[in-house]
Protein chains: 2
Amino acid sequence: MPTPERTSTAAIIAAGRDILESDGLSGLTMQAVAARVGVRAPSLYKRVRDRDALIVGVVEAVIDDLSAELEGVERELASGGGDSAEGVLAALAATYRGFALAHPEGFRLMFTASAPLASLDRAAGPVRRASAAAVGEEDALDAARLVTAWMTGFLQMELGGAFRLGGDIDQAFDYGLRHLLRGLAR
Amino acid sequence: MPTPERTSTAAIIAAGRDILESDGLSGLTMQAVAARVGVRAPSLYKRVRDRDALIVGVVEAVIDDLSAELEGVERELASGGGDSAEGVLAALAATYRGFALAHPEGFRLMFTASAPLASLDRAAGPVRRASAAAVGEEDALDAARLVTAWMTGFLQMELGGAFRLGGDIDQAFDYGLRHLLRGLAR
DNA sequence: ACCTGAACACCGTTCAAGT
DNA sequence: ACCTGAACACCGTTCAAGT
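Residues numbered from 1 in each chain as written. Chains lettered and ligands numbered in written order. Predicted model: local features only at pLDDT ≥ 70, side-chain atom pairs only at ≥ 80, totals over all residues. Heavy atoms only, no water.

1. Some thoughts on the environment of Arg128(B)
Along the chain, the position of Arg128(B) falls in helix H7 (residues 117-135). Ignoring anything within four residues of it in the chain, the contact list for Arg128(B) reads Glu137(B), Ala140(B), Leu141(B) and Ala144(B). (Helix = DSSP H or I, 4+ residues; strand = E, 2+ residues; numbered from the N terminus. Contact = heavy atoms within 4.5 Å.)

Given below as structure tokens:
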């Protein structure tokens, strides 16, 4: 006899994201997720293969959100017109940092759990296109990797508390961005 | 009646590092470490508070090794003389990358598990001093953070397979280093 | 003094049985 | 068709009992 579904994959992923941010990766247990969506842990296996697959789903959702934010900035600045490629890169960097500080656990997980290639590709698009505008198509990939690697490493360090030695973090971010763009200028 | 010790903290940490590199963090269990040093899991609690403390000990040992390598490069180039600050930074970056590729799990853990401040401070020394020589004392900390963040992010991405989209990774590293130094040049 | 078996709590996962 | 209790394997951790 058919029974109505009591939850959904989307609800499970959403619950996973909430729990991840509040309790960290170790708190992201099948039982915690099940309790939040109102079923027992074994029922989750109807929708996700195992805990690893759930984590990948969560990471994918996080990356999609980040992509949407970056694409939004890209669109705004394009429609406004008159923005230099450097200005676009600066805006993307600020957005990237804002996202990391707003979703620290999800951001860290992006580089721990292996996300689907398509997600990463989409997220890399805006910086990649702004880099092409700044340095030309030939060096675009290398330049985008330079910018992305710096942002990623900086935020990893900021979130991990590696900047405990002092100094102004906002200023360090600004210094890094300025000198990075200077190194890329043609 | 006193009994001779059958293991030591040093042996436990060393076993932890081996297991970490071969089986990853999830394989680093108390039982696996105990088996490797020849005791039962409960005996480990005589020397380490819990699994988290063991992980911190492993990370500290990894950072100390990295620090020693970086200091070795610093010493060599100083005694050789005639090396520009940029040359020293390039050599340190190559050493940093070599270490990450040789000990990928340990390297990743450096930014996941929170290491003691003193360890991080020591590891940051060589890049910090080379940066001071390159850009002057006032901007040294910001410049060192720019270089370190880029290296860290780049390697995090390389190890995590975020470069699956193609392109030559060695060339991307070289491109990044060159343009970074260009951005820092006075 | 150090080591161990036994025990407990907790988690991931499977599966037969319920509706 | 979906959900659940029961069960199993595995892990971290504690502790009384061994030597």
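2. Topic: helix H9 (residues 169-184) of chain A
Residue and element names in this part refer to chain A. The end-to-end C-alpha distance of H9, which contains 16 residues, comes to 23 Å, matching closely the 22 Å that a straight helix rising 1.5 Å per residue would cover. Looking at H9, one finds that the buried residues are Ala172, Phe173, Tyr175, Gly176, Leu177, His179, Leu180, Leu181, Gly183 and Leu184. The opening residue of H9, the one whose side-chain oxygen lies 2.9 Å from the backbone nitrogen of Asp170, is Asp168. (Expected span 1.5 Å × (residues − 1). Buried < 20%, exposed > 50% of the residue type's maximum accessible area, 1.4 Å probe, protein only. Polar contact = N/O pair within 3.5 Å; in protein donor to acceptor, adjacent residues only side chain to side chain.)

3. A few points about the interface of chain A and chain B
Between chain A and chain B, the residue contacts involve 37 residues of the former and 37 residues of the latter. Both faces combined, the contact of chain A with chain B buries some 3400 Å², and carbon together with sulfur accounts for 62% of it. Put simply, chain A and chain B have eight residue pairs in polar contact (both at pLDDT 80 or more) between them. Counting only elements with at least two residues in the side of chain A that touches chain B, the list comes to helix H7 (117-135), helix H8 (140-160) and H9 of chain A. In terms of residues, the side of chain A that touches chain B owes the most to one element, H8(A), which gives 13 residues. Its residues assigned to classes, the side of chain A that touches chain B comprises 19 nonpolar, eleven polar and seven charged. (Buried area = accessible area lost by both parts, 1.4 Å probe. Nonpolar A, V, L, I, M, F, W, Y, C, P; charged D, E, K, R; others polar.)

4. A few points about the protein's contact with DNA strand D
Neighbouring DNA strand D are 20 residues, the closest being Thr3(A), Glu5(A), Arg6(A), Arg40(A) and Tyr45(B). For DNA strand D, the fraction of atoms within 4 Å of the protein that belong to sugar or phosphate moieties is 67%. Arg6(A) places a main-chain nitrogen or oxygen 2.7 Å from a phosphate oxygen of DNA strand D. Here a phosphate oxygen of DNA strand D sits 2.9 Å away from a polar atom, N or O, in the side chain of Tyr45(B). (Near = heavy atom within 4 Å.)

5. Thoughts on the packing of helix H4 (residues 51-80) of chain B against helix H5 (residues 85-102) of chain B
Residues and elements named next belong to chain B. Look at H4 against H5: their axes get within 10 Å of each other, and the N-to-C directions meet at 150°. Considering the angle they form, H4 stands roughly antiparallel to H5. As H4 runs across H5, the sense of the crossing is right-handed. Residues Val62, Asp65, Leu66, Glu69, Leu70, Val73 and Leu77 of H4 touch H5, and the partners they reach there are Gly87, Val88, Ala91, Leu92, Thr95, Tyr96 and Phe99. Tallied by class, residues from the contact of H4 with H5 come to ten nonpolar, two polar and two charged. (Axes fitted to C-alpha atoms, helices over the stretch in contact; angles between N-to-C directions. Parallel < 35°, antiparallel > 145°, perpendicular 65-115°, else oblique. Left-handed = near helix turned anticlockwise from the far one by under 90°.)

6. As for the protein's contact with DNA strand C
Looking at DNA strand C, there are 18 residues lining it, with Met30(A), Tyr45(A), Thr3(B), Glu5(B) and Arg6(B) nearest. In DNA strand C, atoms within 4 Å of the protein come 67% from sugar and phosphate. At 2.9 Å from a phosphate oxygen of DNA strand C is found a side-chain nitrogen or oxygen belonging to Tyr45(A). Residue assignment for the surface near DNA strand C shows that the elements contributing at least two residues are helix H2 (30-37) of chain A together with helix H3 (41-44) of chain B. Grouping the constituent residues of the surface near DNA strand C by class yields six nonpolar, five polar and seven charged.

7. Some words on the relation of the copies chain A and chain B
With an RMSD of 0.0 Å, the fit of chain A onto chain B corresponds to turning through 180° and sliding 0.0 Å along the axis. The symmetry that links the two subunits is that of a two-fold axis. An overlap of 100% is found between the interface residues of chain A and their copies at the interface of chain B, pointing to a shared contact surface. (Least-squares fit on C-alpha atoms with pLDDT ≥ 70 in both.)

8. Comments concerning the pattern of salt bridges
By the definition in use, this model includes 20 salt bridges over all chains. Measuring nitrogen to oxygen at the nearest pair gives 3.6 Å for the salt bridge that ties Arg49(B) to Asp50(B). (Salt bridge = Lys/Arg side-chain N within 4 Å of Asp/Glu carboxyl O.)

9. Side note on the packing of helix H1 (residues 9-27) of chain B against helix H2 (residues 30-37) of chain B
Residues and elements named next belong to chain B. Two numbers describe how H1 lies on H2: the axes approach to 9 Å, and their chain directions differ by 135°. When the axis of H1 is compared with that of H2, the two are oblique. Of the two elements, H1 crosses H2, and the hand of that crossing is right-handed. Taken together, the residues of H2 that come into contact with H1 (itself represented by Ala11, Ile12, Ala15, Gly16, Asp18, Ile19 and Gly27) are Ala32, Val33, Arg36 and Val37. Taken together, the residues that form the contact of H1 with H2 break down as seven nonpolar, two polar and two charged.

10. Remarks on the nonpolar core
When a protein is soluble and globular, its nonpolar side chains tend to lie buried together. Ranked by internal contacts, the top residues of the largest apolar core, which has 121 residues, are Leu44(A), Trp150(A), Leu44(B) and Trp150(B). Beyond its immediate sequence surroundings of up to four residues, Leu44(B) is in contact with Ile12(B), Met30(B), Val33(B), Ala34(B), Val37(B) and Val39(B). (Core = buried A, V, L, I, M, F, W, Y, C linked by side-chain atoms within 4.5 Å.)

11. Quick word on the side chain of Ser131(A)
Looking at the secondary structure, you find Ser131(A) in helix H7. Ignoring sequence-local partners within four residues, the contact set of Ser131(A) consists of Leu89(A), Gly136(A), Ala140(A), Ala143(A) and Ala144(A).

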